[in-house]
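Structure at a glance
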Amino acid sequence: MTIAIPQNEIRLEDYRPTDFVLLTVDLAFDLDPQRTIVTSTIAMARREGVDREAPLTLDGDELEFVSLKINGVDAEPHAVTPDRLEIRGLPATGEFTLEIVTAIAPASNTKLMGLYSTNGVYCTQCEAEGFRRITYFLDRPDALAVYTTTIRADAKAAPLLLSNGNPVDSGVLGDGRHFVAWNDPHPKPSYLFALVAGDLGVVEDDFTTASGRKVKLAIYVEHGKEERAAYAMDALKRSMRWDEERFGREYDLDIFMIVAVSDFNMGAMENKGLNVFNDKYVLADPDTATDADYANIEAIIAHEYFHNWTGNRITCRDWFQLCLKEGLTVYRDHEFSADMRSRAVKRIAEVRLLKAHQFPEDNGPLAHPVRPRKYSEINNFYTATVYEKGSEVVRMIETLLGRDDFKKGMDLYFERHDGDAATIEDFVACFAEVSGKNLDQFFLWYEQAGTPEITVASQYEPSTQTLRLELEQSIPPTPGQSSKQPMHIPLRVGLFESNGEPASPRAIEGIEADGDVLNLRERTHTVRITGVKSRPAISVNRSFSAPVNVRQQQSDRELAQLARIETDLFSRWQALNDLAMRHLVSATQKAESGEAASANRELTDCLCAVLADRTLEPAFRAHAITLPGETDIAREIGNDINPDAIHEAREALVAQIASHGRDLFEEIAAETRPAGDYSPDAASAGDRALYLACMSHLAVASGDPSGPLSLYRSADNMTLLSGALAMLAHRFPRSPEAEEALADFEARYRDNPLVIDKWLTVQATIPGADALSRVKTLMDKPHFQLSNPNRVRSLIGTYASGNPTGFNRADGAGYDFLAGIVIDLDPLNPQVAARLLTAMRSWRSLEAARREKALDTLRKIARVEKLSTDVRDIVDRMIG
Ligand code: PHE
Ligand code: ZN
């Protein structure tokens with residue numbers, strides 16, 4: 001019998017401002033691994049109009065209370081626990097100071113929230129609610145203050161003492177200790193506080209802002225790794241320039257610092273003036289980082305830097321508004337990468353990611369609106385929906401307004417809300433105001449969960465040269481939202497006449513059209529488009545103007561035609577992808593009934609035509625010939641999923657394409673074979689991507705591992721080396737060639753954990769039921785540590801979410817294994833444990849036997865008595 005433990009649910013409608021306002025915060029840290037003493041001196045005042053008797057309640061989390069002073073006089077709290085400090089009898093009016101002393105133990109902080117130590121370096125992580133693990137505080141994003149931080153530590157162990165803002169004082173203390181004091185003049189919430197102390201190497205540079213101020217830049221890494229920070233530094237300078245040019249945003253302190261640490265729960269953190277990064281997103285050189293790593297570093301460096309304005313200068317009123325900073329900042333980093341690289345290729349990669357992560361989330365038990373209205377654990381809302389769909393919503397605002405009005409809206413937002421803790425309403429109001437457009441219905445994008453589905457039916461009348469489109473939108477029910485309102489959906493539509501030319505319609509009736517954007521507002525629209533001279537090919541949701549699923553009756557021929565003639569490159573990819581998808585779905589059905597997959601000339605011809613088209617950039621061609629992944633196919637099928645059948649079907653299609661296009665693959669591989677020094681730029685990366693895709697198809701066509709093995713042996717950069725390793729391990733598991741490469745790779749990189757992560761991932765994602773025993777064996781290797789999030793994600797995370805056949809074993813052993821890890825990890829690091837468990841979020845779409853096994857496993861986890869709020873929240877919502 002399970003007893004539901006009531007969750008402490010937080011609701012948006014319960015938001016109230018604080019009773020007390022912060023003025024300044026002075027923090028002093030006496031650093032010690034076992035017992036750090038934190039003295040927090042807060043100047044504050046009762047907010048006007050608030051009850052004179054109202055107590056002050058401060059948040060804490062696993063804190064040891066040491067002492068309290070009010071206005072310099074020793075005082076007793078009314079109540080104190082590790083989680084809460086309540087003070088009564090505070091002055092009714094005027095300013096007063098509190099001095100609160102707490103003790104914490106960074107060395108035994110395995111949750112990596114608050115102050116912890118990682119490889120001998122002290123480091124903090126405060127978003128979302130980690131500051132309360134340092135001292136009792138109003139730990140909420142609308143409590144802003146100016147911070148001064150003094151750090152005292154052993155000078156040998158921690159020569160480097162960093163915090164937010166500008167350094168203002170430093171000196172030597174007795175006992176071999178020293179101190180540095182920092183002041184951050186910009187008021188900020190506690191989640192943006194940071195401290196780093198230790199012995200690190202540094203790369204320095206500077207940047208002159210548009211208005212001529214010189215800013216010092218510093219990236220801190222472990223000694224000996226300085227050279228691997230060069231690309232990050234370059235990306236930082238490009239980000240700073242771009243934000244000035246595109247959004248008029250200048251940096252606002254004298255120094256900007258980045259610290260790379262090896263134990264980190266997330267990707268990186270935008271602490272004011274002192275970003276802390278997972279070292280995976282800082283360190284790169286050709287020998288250890290892939291093209292994808294370089295692209296991620298560029299994007300994440302930009303993302304965190306852009307937060308300086310969208311997140312820090314303008315922060316969130318409460319955590320329900322998380323997408324105010326995240327969705328917007330993802331949009332900004334997407335635009336940055338699009339400008340740095342190829343816009344169309346970037347868009348394809350974004351949409352692939354959105355569909356792979358956000359669409360399943362939106363279609364399962366963890367679905368939630370971009371702006372949720374309730375949560376019981378905020379850590380679980382750093383999701384693809386808040387980030388990626390949140391970014392798509394901002395992009396739709398740009399589509400609706402056009403680039404100029406969008407820019408005006410952003411300018412107004414920065415001007416009006418600088419220094420504020422703002423809401424989504426504040427943000428959207430800026431765009432409504434500058435454009436005069438009513439965005440009330442559009443606002444539903446923030447409030448309604450679920451991926452809208454648009455069905456498109458068309459009818460062409462040659463006699464009147466009229467195209468009739470029936471458009472219908474529906475939004476599936478999601479947890480807590482059974483019926484939905486129609487949304488305002490900007491849908492870009494292109495028409496191509498039979499000669500391949502874009503149509504130029506005379507009139508569009510029945511819907512508000514703006515250029516090629518149709519504004520869907522009703523459940524159904526009947527659209528009449530006149531002046532269409534021949535039956536057109538219809539391209540819907542061009543450049544992915546809205547994050548929706550489109551259902552449209554189209555023949556293979558129409559899709560193939562679009563793949564050839566669309567002028568929007570993204571949509572050419574989309575057409576190819578749709579064409580491939582329908583063949584993959586029907587091949588899966590055949591595999592399930594034991595039939596062999598039939599040949600698909602339309603598809604293979606179409607893919608080969610794109611592959612052969614030298615006018616198209618290589619990165620695009622690489623995407624084009626990469627079939628949708630197994631998880632994508634599962635999403636398309638929707639229910640009663642049998643991952644083995646999907647795998648079999650996809651492999652069969654890959655084999656067909658490989659043998660049909662063999663000569664062409666040879667030819668293109670010869671053309672793109674890398675020569676000369678490695679450069680991480682987008683064009684070179686595109687060549688390598690296409691080359692690897694060709695090599696992989698050739699390996700399939702020949703059935704011979706010697707091609708990938710010689711590629712492995714001759715590779716002079718990590719992109720080719722890890723690409724070859726994956727081909728060997730995935731296509732020829734247990735072959736001597738694969739064993740040779742795996743052993744060589746391990747020996748070569750045993751001292752570089754970030755590279756060993758690639759080795760773990762490659763093996764964790766080898767398809768088939770054997771994957772589980774491989775993962776278990778790898779866990780026993782010294783490389784693996786349950787306490788390090790990167791290791792856990794590389795091995796167990798990728799096994800559970802990137803290996804559909806290996807994880808979804810028919811006997812349920814994959815699920816039970818994951819449950820065991822989640823339960824073991826939960827007391828150590830609940831955030832990472834909860835995230836691992838989300839790998840099972842699509843369990844309801846599995847076929848019956850697996851579904852039952854998955855449910856058993858989830859119930860088993862739910863029965864564990866002492867679960868963290870993080871894992872409890874996920875498991876409860878998943879069982880629903
Ligand atoms: N705010 C960080 C980002 O998106 C992510 C993060 C959240 C990091 C919570 C740590 C903890 O840039
Ligand atoms: Zn962010």
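Since this is a predicted model, take the numbers as computed values, not measurements.

**Quick word on the overall build of the protein**
Within the protein, the secondary structure is distributed over 26 helices and 33 strands. A compact globule built from 880 residues should have a C-alpha radius of gyration of about 29 Å, and the protein, at 28 Å, falls within 12% of that. In the protein, which comprises 880 residues, the proportion classed as buried is 51%. By sequence separation, contacts in the protein at least 24 residues apart represent 70% of the contacts at least 6 residues apart.

**Comments concerning the site of ligand 1**
Close to ligand 1 lie 13 residues; Glu 127, Met 266, Met 269, Glu 270 and Tyr 382 are nearest. Elements with a contribution of two residues or more to the shell around ligand 1: strand 20 (268-269) and helix 2 (291-306). Classifying every residue of the shell around ligand 1 by side-chain character gives five nonpolar, four polar and four charged.

**Overview of the UniProt feature "domain: Peptidase M1 membrane alanine aminopeptidase" (unreviewed entry) in the protein**
Summarizing the sequence annotation, UniProt attributes the feature "domain: Peptidase M1 membrane alanine aminopeptidase" (unreviewed entry) to residues 231-443 in the numbering used throughout. Secondary structure within residues 231-443 divides into 55% helix and 9% strand; the distance between the first and last C-alpha atoms comes to 39 Å.

**Some details on the sheet that holds strand 14 (residues 166-172)**
The eight strands lie next to each other as 6-5-9-3-2-12-15-14, forming an open sheet whose pairing is mixed. Looking at the sheet topology across the chains shown, the edges are occupied by strand 6 (73-74) and strand 14. When strand 5 (residues 64-70) meets strand 9 (residues 95-104), the two strands line up antiparallel, connected through six bridges. Along strand 9, the bridge assignment pairs Ile 70 with Leu 98.

**What about the nonpolar core?**
In terms of nonpolar packing, the biggest core is built from 261 residues, with Val 196, Val 259 and Val 282 touching the most fellow members. Ranked by the residues each element gives to this core, the list is headed by helix 15 (residues 682-702), at 13 residues. Not counting residues up to four positions away in its chain, the partners in contact with Val 259 are Leu 162, Val 196, Tyr 220, Leu 274, Val 276 and Phe 277.

**Looking at helix 12 (residues 630-637)**
Of all eight residues in helix 12, six are buried, a share of seventy percent or more. Taken together, the buried positions of helix 12 are occupied by Glu 630, Thr 631, Asp 632, Ile 633, Ala 634 and Arg 635. The elements touched by buried residues of helix 12 are helix 4 (343-362), helix 9 (569-592), helix 13 (643-660) and helix 22 (804-807). The first or second residue beyond helix 12 is Gly 638, which carries a positive phi of 95°.

**A short note on the packing of helix 9 against helix 13**
Helix 13 packs onto helix 9 with a crossing angle of 120° between their chain directions and a minimal axis gap of 8 Å. What the angle tells us is that helix 9 and helix 13 run oblique. Pair helix 9 / helix 13 crosses with right-handed handedness. The residues of helix 13 that touch helix 9, namely those facing His 583, Leu 584, Ala 587, Thr 588, Ala 591 and Glu 592, are Ala 645, Ile 646, Glu 648, Ala 649, Arg 650, Ala 652 and Leu 653. Of the residues belonging to the contact of helix 9 with helix 13, the class tally is eight nonpolar, two polar and three charged.

**Observations concerning the environment of Asn 8**
Counting through the fold element by element, Asn 8 comes out in the segment before strand 1 (10-11). Residue Asn 8 is classed as exposed on the basis of its C-beta count, with 9 C-beta atoms lying within 10 Å. Distance from Asn 8 to Tyr 382, taken between C-alpha atoms, is 18 Å for residues 374 residues apart in sequence.

**Details of the UniProt feature "domain: Aminopeptidase N-like N-terminal" (unreviewed entry) in the protein**
The residues that UniProt annotates with the feature "domain: Aminopeptidase N-like N-terminal" (unreviewed entry) are residues 91-192. Counting secondary structure, residues 91-192 comes out at 0% helix and 52% strand; the distance between its end C-alpha atoms is 29 Å.

**Here's the deal with the pairing of strand 17 (residues 201-208)**
Each regular strand displays side chains that alternate between the two surfaces of the sheet. In this sheet, strand 18 (residues 214-221) lies alongside strand 17 in antiparallel orientation, the contact comprising eight bridges. Counted as the bridge partner of Glu 204 is Ala 218 from strand 18. Between strand 17 and strand 18, which pair antiparallel and follow one another directly, the connecting turn spans five residues, one of which, Gly 212, has a positive phi of 90°.

**Concerning unusual backbone geometry**
Here the residue pair Glu 127 and Ala 128 is connected by a cis peptide bond, since its omega of -5° sits within 30 degrees of zero. By secondary structure assignment, the location of Ala 128 is in the loop between strand 11 (121-125) and strand 12 (145-154). Located in the positive-phi region is Ser 543, a residue other than glycine, with phi close to 45°. Summarising the element assignment, Ser 543 is placed in the loop between strand 32 (537-540) and strand 33 (549-552). Residue Ser 543 is classed as buried on the basis of its C-beta count, with 20 C-beta atoms lying within 10 Å.

**Brief notes about the sheet that holds strand 29 (residues 512-514)**
Pairing within the open sheet is antiparallel, and its four strands lie in the order 29-30-27-32. Each edge of the open sheet is held by one strand with a lone partner, namely strand 29 and strand 32. Going from strand to strand, the sheet's axes swing by 30° on average, the running direction of each strand aside. Two strands pair when backbone bridges link them, and strand 27 (residues 489-496) and strand 30 (residues 517-520) are joined in this way by four bridges, in the antiparallel orientation. From the neighbouring strand, Arg 492 faces strand 30, where its bridge partner is Val 517.

**Observations concerning the packing of helix 4 against helix 11 (residues 618-625)**
Where helix 4 meets helix 11, the axes come as close as 9 Å, and the angle between the chain directions of the two elements is 30°. Accordingly, the angle class assigned to the pair helix 4 and helix 11 is roughly parallel. Remark: the crossing between helix 4 and helix 11 carries left-handed chirality. The segment helix 4 lies against helix 11, with Ala 344, Val 345 and Ile 348 engaging Ala 619, Phe 620 and His 623. Counted by class, the contact of helix 4 with helix 11 contains five nonpolar, one polar and no charged residues.

**Overview of helix 2**
Between its terminal C-alpha atoms helix 2 stretches 23 Å, which fits the 22 Å expected from 16 residues at 1.5 Å a residue. By the criterion of burial, helix 2 is predominantly enclosed, with 13 of the 16 residues buried.

**Examining the environment of Val 532**
Following the sequence through the fold, Val 532 ends up in the loop between strand 31 (524-530) and strand 32. Between the C-alpha atoms of Val 532 and Ser 714, which are 182 residues apart in sequence, the distance is 56 Å.

**Digging into the environment of Ser 108**
With respect to the helices and strands, the residue Ser 108 is situated in the loop between strand 9 and strand 10 (114-118). Put simply, Ser 108 and Met 410 are 302 residues apart on the chain and 44 Å apart in space, counted from C-alpha to C-alpha.

**Thoughts on the confidence of the model for the protein**
When pLDDT is averaged along the protein, the result is 97; 99% of the residues meet or exceed 70. Confidence metrics for the complex model read pTM 0.98 and ipTM 0.99.

Thresholds applied
- Residues numbered from 1 in each chain as written.
- Chains lettered and ligands numbered in written order.
- Predicted model: local features only at pLDDT ≥ 70, side-chain atom pairs only at ≥ 80, totals over all residues.
- Helix = DSSP H or I, 4+ residues; strand = E, 2+ residues; numbered from the N terminus.
- Rg over C-alpha atoms; globule rule 2.2 N^0.38 Å.
- Buried ≥ 20, exposed ≤ 12 C-beta atoms within 10 Å, placed from the backbone.
- Contact = placed C-beta atoms within 7 Å.
- Near = placed C-beta within 6 Å.
- Nonpolar A, V, L, I, M, F, W, Y, C, P; charged D, E, K, R; others polar.
- UniProt positions renumbered as here; feature names shortened; annotations may be inferred.
- Pairing = 2+ DSSP bridges.
- Core = buried A, V, L, I, M, F, W, Y, C linked by C-beta atoms within 7 Å.
- Axes fitted to C-alpha atoms, helices over the stretch in contact; angles between N-to-C directions.
- Parallel < 35°, antiparallel > 145°, perpendicular 65-115°, else oblique.
- Left-handed = near helix turned anticlockwise from the far one by under 90°.
- Expected span 1.5 Å × (residues − 1).
- pLDDT = per-residue confidence, 0-100.

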